[in-house]
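Residues per chain, in single letters:
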Amino acid sequence: MTFNQLVWKMAKGNRGKYLFYYLCNSFAVLFFFMYSTIYFNQAIEEVKVMEGIRDILTIPGVGLVLFTVFFITYAHRIFTRRRKKEFGLLMTLGMSKWDIARLLLLENALIAVASIVTGIVSGMVFSRLIFLLFINITGLGEIPFNLSMNMFIYSIGAYLGIFLIAVLITLYLTLTKTLSQIMKSNRVADTIKHRSPVFGLMGVIMVSGSAVLLYCTFSIPSMSVDAGGYLLMSTLGILMGLYVGLSQGMSFFMKLARKRKPYYYNELLTLSSLEYKFKQLTAIMLLVTIMSMVTIFYSTTILIINSMGEQQVMDDHPYDMAYVETETKNKLSKEALYEIVNKPENPVKKYDTVEMFIYYQDDPYLDDAYYEHTFMPVSDFNTIMGTNEVLNKDQFIDWINMDPKATSGDSIYDNGLEFKDGDAQFKYSLKKTIIDKQLNFHRYTPYSILVVNDTVFQQLSKDLIGDEVKMHLLNFADWKLTEAISEDLENRLEEVNKSTPPLESVREVYDVEETKQILKPVSKVVDYNHLRSSSKIMFFVTTFISILFFFGSFILLYLNIFSNTEEEKIKYKKLFKIGITKREIRKLVSKEMSVLFFFAPLLGCSLAFVYVFSFAQDVGGIMENPQFLVHFASISGVYLLIQTVYYFYSRKKMLRELEI
């Protein structure tokens, strides 16, 4: 019999094991390719908010790689463990370790090629189906499904890199073991090692303490200054505590259970079996917990961002439309402006203008450095604020154009304002600080605007060298119907600006793109539509990734439970012989599977809630933002509902496999 014939006969005789291993590798390629169809999608790369999309894609991309490393390595370990006695028999018949290595390399190469082909083909089919489904749901016709060479290169390259590492590890372990170790490897390490209830309690304390630290990071102002550092510390603490708790938590629970003798002896078999499985499967339970936590938290966060998007646009745009007029640009009379924007079906309801003067004060200590002061006459301030403020010639108001909830309200002018320009001395005292968002966000609307007496404003504009600008502010009957008006105004301003001198500043230098953005009208509806479009893309991307993570965690659980079916069958047959009935065995199997199927996802849901609850403190807390809780409940509810369906399916299959 030739070597190739031997390989073929072994494959035919162990087709169940080969099929299991081949499907696991195909799933890995499928996951990589489906992810790459999103990451390298041409339409998504061209979105204006691409940097945000890339951030969203990078984090789960790293998680997907870590998952695939563990997934392929675990599947490979199960595949080779089931065949070690087979390798030992071949070595007994005279085959050398290098022949075994050659055999492993050949069959793994064939499985890798077959997995790549089926994984890529199925990936193209399922990616296309999911694209069509979500495009119809979200109306994102601007994101067509397309294939590129990068999708194939990165998917195949990432898979082969991970697969090669797993094969090399197996070869090393096989070549360094003796024949006797290989023959009895499946009978080793069947006991629970390092049982420590104390470490189990420490793991629980670490997770709880890190969760408290995470909450305090966003609820205590002094800690929020270094939120990034505390967030990293709490996340690392949660991960380390999870590992310790999952590996030793059942030992701690067993110790507590022993204090309740009736419960302990009634559930002794279940508790002992779960303690063993939690100890042996710590890494899998940890990975499933993290994946479910990331899936639920990620999806909830995107829903929250989508729901708060319109309110954010409203806060950023007190006026429906605004544009800036400088000494040379955007010069348009009121009559010409109204001819463009005042439509019978959507008339202008309010039109205000405010003048501003920007003075650049040289830094006395640093060359080419300066302070920027933006002045506004009190009459214009009263117009847009609806107030009746009166200022003396030596007084000013520090107007912080921000939402009070989004700023501390600290003024840098508490000691007044004093500066010198040539021989002229200017000194003003602060009357009050007002925090209110009433001007649209623009290059010429800074964080702090200095409101002064009208006469003082005119004098400053005359005596000092700076930039004079005028903001035009408009409100309409229905701002959602102003997109076409905004486009017409933009086109008209561009036409007017063609025959005027370029935009200049006494201190700033603008390139072509910056000039275009400064002179372009700021429109509430344009930003709103842009946000809706980008939010839909983000929702599509995160939902796509969440589906991958969900099926990945389910496959891990499924692989975990069904990888030792033969050993489980032998165990339950022995229990049956000593008097345990089939009904009791079915009950025992159901209890074990329910814990293994739901413990990690429920723990992941709980940790996701901790993150959602903590982040909500940054915007007023969960009570002021009940949508946080609603979105979390809907996402986690759907997740657990699907998990329940999978549980009943797997339970039925397990009982059938065990012939109970």
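Refer to the structure presented above.
Residues numbered from 1 in each chain as written. Predicted model: local features only at pLDDT ≥ 70, side-chain atom pairs only at ≥ 80, totals over all residues. Heavy atoms only, no water.

Chemist: For the overall build of the protein, give the residues involved together with the corresponding values.
Modeler: When helices and strands are tallied, the protein shows 23 helices and 9 strands. Across the protein, contacts joining residues at least 24 apart in sequence account for 83% of those joining residues at least 6 apart. Surface summary for the protein: the accessible area is close to 33600 Å², and the carbon and sulfur share equals 61%. (Helix = DSSP H or I, 4+ residues; strand = E, 2+ residues; numbered from the N terminus. Contact = heavy atoms within 4.5 Å. Areas by Shrake-Rupley, 256 points an atom, 1.4 Å probe, with all protein chains shown as cover.)

Chemist: Hey, could you go over the packing of helix H11 (residues 227–257) against helix H14 (residues 282–316) for me, with residue numbers and the actual values?
Modeler: The interhelical angle for the contact between H11 and H14, taken along N-to-C directions, is 135°, at an axis separation of 9 Å. The orientation of H11 with respect to H14, classified from their angle, is oblique. As H11 runs across H14, the sense of the crossing is right-handed. Residues Leu239, Leu242, Tyr243, Leu246 and Ser247 of H11 form the contact with H14, whose participating residues are Thr282, Met285, Leu286, Thr289 and Ile290. For the contact of H11 with H14, the residue count by class is 7 nonpolar, 3 polar and no charged. (Axes fitted to C-alpha atoms, helices over the stretch in contact; angles between N-to-C directions. Parallel < 35°, antiparallel > 145°, perpendicular 65-115°, else oblique. Left-handed = near helix turned anticlockwise from the far one by under 90°. Nonpolar A, V, L, I, M, F, W, Y, C, P; charged D, E, K, R; others polar.)

Chemist: A description of the environment of Ala211 should follow, citing residues and the corresponding values.
Modeler: Residue position: Ala211 is located in helix H9 (residues 197–219). Considering only alpha carbons, one finds Ala211 and Thr235, 24 residues apart in sequence, at a separation of 8.3 Å. Sequence-distant contacts of Ala211, defined by excluding residues within four places in its chain, comprise Ile238 and Val610.

Chemist: For the packing of aromatic side chains, give the residues involved together with the corresponding values.
Modeler: Inspection of every chain in the model, using the stated rule, returns 18 aromatic pairs. Through a chain of ring-to-ring contacts, the aromatic side chains of Tyr215, Phe609, Phe613 and Phe632 assemble into a single cluster. (Phe/Tyr/Trp six-rings, centres within 6.5 Å; stacked < 30°, edge-to-face > 60°.)

Chemist: Just give me the short version of a nonpolar patch on the surface, but keep the residues and values in it.
Modeler: Where nonpolar side chains cluster on the molecular surface, the patch consists of Val113, Val117, Val121, Val125, Phe126 and Leu129 and spans about 530 Å² of accessible area. Here Leu129 lies in helix H6 (residues 97–138). (Patch = residues over 30% accessible without salt bridge, like charges linked within 9 Å, V, L, I, M, F, W, Y side chains within 5 Å. Salt bridge = Lys/Arg side-chain N within 4 Å of Asp/Glu carboxyl O.)

Chemist: Let's hear about the packing of helix H15 (residues 334–341) against helix H18 (residues 483–497): which residues, and what values?
Modeler: It is the contact of H15 with H18, at a shortest axis distance of 9 Å, that shows an interaxial angle of 140°. As far as their axial angle goes, H18 and H15 are oblique. Contacts from Ala336, Leu337, Ile340 and Val341 in H15 reach Ile485, Asp488, Leu489 and Arg492 in H18. Taken together, the residues that form the contact of H15 with H18 break down as 6 nonpolar, no polar and 2 charged.

Chemist: Account for the side chain of Lys329, naming residues and giving values.
Modeler: Mapped onto the fold, Lys329 is located in the loop between strand S1 (321–325) and H15. No salt bridge is formed by the buried Lys329; its nearest oppositely charged neighbour, Glu504, is found at 9.7 Å. Among the polar contacts made by the side chain of Lys329, one reaches the main-chain carbonyl oxygen of Pro501 at a distance of 3.1 Å. Beyond its immediate sequence surroundings of up to four residues, Lys329 is in contact with Asn497, Thr500, Pro501, Pro502, Leu503 and Leu519. (Buried < 20%, exposed > 50% of the residue type's maximum accessible area, 1.4 Å probe, protein only. Lys, Arg positive; Asp, Glu negative; His and termini not counted. Polar contact = N/O pair within 3.5 Å; in protein donor to acceptor, adjacent residues only side chain to side chain.)

Chemist: Residue-level account of the nonpolar core, with values.
Modeler: Formed by 96 residues in total, the largest nonpolar core has its most connected members in Tyr159, Val589 and Phe597. Per-element accounting of this core gives the leading share, 14 residues, to helix H22 (residues 582–616). Among the nonpolar cores identified, the runner-up in size contains 27 residues, and Val324, Val354, Tyr360 and Leu519 belong to it. (Core = buried A, V, L, I, M, F, W, Y, C linked by side-chain atoms within 4.5 Å.)

Chemist: Before we move on, can you summarise unusual backbone geometry with the specific residues and values?
Modeler: A positive phi is found at Asn330, a non-glycine position, where the angle reads about 60°. As for its placement among the helices and strands, Asn330 is situated in the loop between S1 and H15.

Chemist: Mind laying out the sheet that holds strand S2 (residues 348–362), listing which residues take part and the relevant values?
Modeler: Strand order in the open sheet formed by 9 strands is S5-S6-S4-S7-S3-S2-S8-S1-S9, with mixed pairing between adjacent strands. Here the strands that pair on one side only, and so sit at the sheet edges, are strand S5 (417–421) and strand S9 (522–523). Summarising the sheet, S2 and strand S3 (residues 370–377) pair through 6 bridges and their orientation is antiparallel. Of the residues in S3, the one forming a bridge with Tyr359 is His373. Together, S1, strand S8 (466–476) and S9 form the strand contacts of H18, whose direction differs from that of S1 by roughly 10°. (Pairing = 2+ DSSP bridges.)

Chemist: Go over the environment of Ala114, please, and point to the residues and values.
Modeler: Looking at where Ala114 falls in the secondary structure, it is placed in helix H6. In this structure, the C-alpha to C-alpha distance between Ala114 and Ser26, residues 88 residues apart in sequence, is 8.0 Å.

Chemist: Please set out the pattern of salt bridges residue by residue, giving values where relevant.
Modeler: Tallying each qualifying case throughout the model produces 5 salt bridges. Two residues, Lys331 and Glu325, come together in a salt bridge whose shortest N-O distance is 3.1 Å. Judged by relative accessible area, which is 11%, Glu325 ranks as buried. Its salt-bridge partner being Lys432, residue Glu389 comes within 3.0 Å of it at the nearest N-O pair. One end of the pair, Glu389, is in the loop between helix H16 (378–385) and strand S4 (395–400); the other, Lys432, is in strand S6 (residues 424–435), with 43 residues separating them in the sequence. Taken together, the shared-partner salt bridges in this structure form one network comprising Glu389, Lys431 and Lys432.

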